[in-house]
Amino acid sequence: MRTSLKVLCAAAFALLLNTALGAHAFAAEQVKVVYHLADGIDQAARAMANIRNHLRAEPDTRIVVVGNGDGIRFLLAGAKERSGRPFDAQVKNLAAQGVEFRVCTNTLTSHDIPESQLLPEAKLVPSGVVEVARLQAKEGYVYLRP
Amino acid sequence: MRTSLKVLCAAAFALLLNTALGAHAFAAEQVKVVYHLADGIDQAARAMANIRNHLRAEPDTRIVVVGNGDGIRFLLAGAKERSGRPFDAQVKNLAAQGVEFRVCTNTLTSHDIPESQLLPEAKLVPSGVVEVARLQAKEGYVYLRP
Amino acid sequence: MRTSLKVLCAAAFALLLNTALGAHAFAAEQVKVVYHLADGIDQAARAMANIRNHLRAEPDTRIVVVGNGDGIRFLLAGAKERSGRPFDAQVKNLAAQGVEFRVCTNTLTSHDIPESQLLPEAKLVPSGVVEVARLQAKEGYVYLRP
């Protein structure tokens, strides 16, 4: 057998091994979840509790919250739940646990909300819906609408 | 060619064949859907009708219903649709067709609902949102929010 | 080395190369999104704006809107947003950009709506929920509920 063929076979074997191990790694890999908020304060209040429960049960989960439309209200300075409980401390605590908050720039524009009103944890993305789709299609996130 | 190399090539071929067949199997495999209920009685009534239609059109579909928050109300003994139609018989019929109903234990705790109030078809999971994410990320379910 | 083994190794290599290139193609491929509408006129109005923003930001996105239950109301002739803005021109414009609109036949039947009331852009599918699941499980769409 020529050396080139030996090399070819070895490469093929290595790649197959890699594929097999890769598949195994996939099964064990971190769960990534996009929480999509578009409804308003009540949905956001539910989401805060959901995400706390999520991370308590599975601390290793990667969570990104994407808000568009009324789903960004809870990320404005001074926003409160219907019960009066403020959102800012909850957002800060979740951010400290690794949760990311992304806000649709289109919404800020169409609702005439200046960026300065956003909590410091909120990061702008050009489009909330594009971000929700991208996270799923390109980064392996699964979808959850609280 | 040495025997070890023959074996290597045969193994490579077998694995590739397996991959090719596996890809084919994937395309043909059973559709699995998680119905996520979190809103209350009206959403649950819609979901019952949706799932009946789903299974009538595609009887081979694997369906798991996960309820958290107000999405568990329809699984409590005596729960009725706004129209007065009780949920228990509908749940029983769908369960007989293989639909599974999973309830968030966090919700029972935070709403002070004893497990004994649940319909017998409802099975507890520690966290509804973790279950919704897990089914998608680890078991190949797709998401649907009725 | 026998010819058959050479061929085997070459085939293995070709398939592996194909797999590697296939994986690359996957990362670059078009994002496909199913917008699931089931709530009514207000959700549909939000969806129209969402989809316009989506396509403005990512014109190459493949979008299918699936409506079932009250999610088909905006596709009936004469339907208007709460603000009075009609839906027909919006649907026509989005369809011209490649957006497809699919309507649940079960809903038409159960709501006693004749097919003739639908806008010309609306295409019937036997079951809206089956379509939402199928697009995800079989055609690589990601899910978004406006």
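The coordinates are above.
The shown structure was predicted, so the numbers you read here are calculated from the model rather than taken from an experiment. (Residues numbered from 1 in each chain as written. Chains lettered and ligands numbered in written order. Predicted model: local features only at pLDDT ≥ 70, side-chain atom pairs only at ≥ 80, totals over all residues. Heavy atoms only, no water.)

Okay, the sheet that holds strand 3 (residues 100-104) of chain C next. Residues and elements named next belong to chain C. Judged by pairing direction, the sheet is parallel, and its five strands sit side by side in the order 4-3-2-1-5 without closing on themselves. Each of the sheet's edge strands pairs with one partner strand only, and the pair in question is strand 4 (122-125) and strand 5 (142-144). Ignoring strand direction, the axes of neighbouring strands in this sheet form an average angle of 30 degrees. Sheet analysis places strand 1 (residues 32-37) next to strand 2 (residues 62-67), joined by six bridges and oriented parallel. Along strand 2, the bridge assignment pairs V34 with V64. Across the sheet, helix 2 (residues 41-57) is in contact with strand 1, strand 2 and strand 3; its angle to strand 1 comes to roughly 165 degrees. (Pairing = 2+ DSSP bridges. Helix = DSSP H or I, 4+ residues; strand = E, 2+ residues; numbered from the N terminus. Axes fitted to C-alpha atoms, helices over the stretch in contact; angles between N-to-C directions. Contact = heavy atoms within 4.5 Å.)

The next thing to look at is the packing of helix 2 (residues 41-57) of chain B against helix 5 (residues 128-139) of chain C. Put simply, helix 2 of chain B and helix 5 of chain C touch, their axes get as near as 8 Å, and they point 70 degrees apart. The angle between the axes of helix 2 of chain B and helix 5 of chain C places the two elements in the roughly perpendicular class. Contacts between helix 2 of chain B and helix 5 of chain C involve N50, H54 and A57 of chain B on the former and, on the latter, V129, V130 and A133 of chain C. Partitioning the contact of helix 2 of chain B with helix 5 of chain C into residue classes produces four nonpolar, two polar and no charged. (Parallel < 35°, antiparallel > 145°, perpendicular 65-115°, else oblique. Nonpolar A, V, L, I, M, F, W, Y, C, P; charged D, E, K, R; others polar.)

Let's shift gears to the nonpolar core. Ranked by size, the top nonpolar core spans 117 residues in total, and within it F74 of chain A, F74 of chain B together with F74 of chain C carry the most contacts. Among residues more than four places away in sequence, those in contact with F74 of chain B are L37, I41, A44, M48, V65, A79, F87, V91, F101 and L119 of chain B. (Core = buried A, V, L, I, M, F, W, Y, C linked by side-chain atoms within 4.5 Å. Buried < 20%, exposed > 50% of the residue type's maximum accessible area, 1.4 Å probe, protein only.)

In this section: the pairing of strand 4 (residues 122-125) of chain B. All names here are of chain B. The pairing of strand 3 (residues 100-104) with strand 4 spans four bridges and is classified as parallel. Each bridged residue has a counterpart across the sheet, and for V103 the counterpart in strand 4 is L124. Handedness of the crossover joining strand 3 and strand 4 through helix 4 (residues 105-110) is recorded here as right-handed. (Right-handed = clockwise from strand over helix to strand, strands pointing away.)

Right, let's talk about the sheet that holds strand 3 (residues 100-104) of chain A for a bit. Ordered by their spatial adjacency, five strands build an open sheet running 4-3-2-1-5 (chain A), and the pairing between neighbours is parallel. A strand with exactly one partner marks an edge of an open sheet, and here the two such strands are strand 4 (122-125) and strand 5 (142-144) of chain A. Mean inter-strand twist for the sheet, computed between neighbouring axes without regard to direction, equals 30 degrees. Lying over the sheet, helix 5 (residues 128-139) of chain B contacts strand 1 (32-37) and strand 5 of chain A, oriented at roughly 150 degrees with respect to strand 5 of chain A.

Inspection of every chain in the model, using the stated rule, returns nine aromatic pairs over all chains. Between Y143 of chain A and Y143 of chain C the ring centres are 5.2 Å apart and the planes differ by 70 degrees, which places this aromatic pair in the edge-to-face class. Of this pair, Y143 of chain A sits in strand 5 while Y143 of chain C sits in strand 5, placing the two residues on different chains. The class for Y143 of chain A is buried, based on a relative accessible area of 0%. Note on F74 of chain C and F87 of chain C: the rings are 5.6 Å apart at their centroids and 70 degrees apart in plane angle, and the pair reads as edge-to-face. Note that F74 of chain C is positioned in the loop between strand 2 and helix 3 (88-96) and F87 of chain C in the loop between strand 2 and helix 3, a separation of 13 residues in sequence. Look at F74 of chain C and you get buried, because its relative accessible area is 1%. Here F87 of chain C falls in the buried class, since its relative accessible area comes to 0%. (Phe/Tyr/Trp six-rings, centres within 6.5 Å; stacked < 30°, edge-to-face > 60°.)

None of the figures reported here should be taken as evidence of function without further support.
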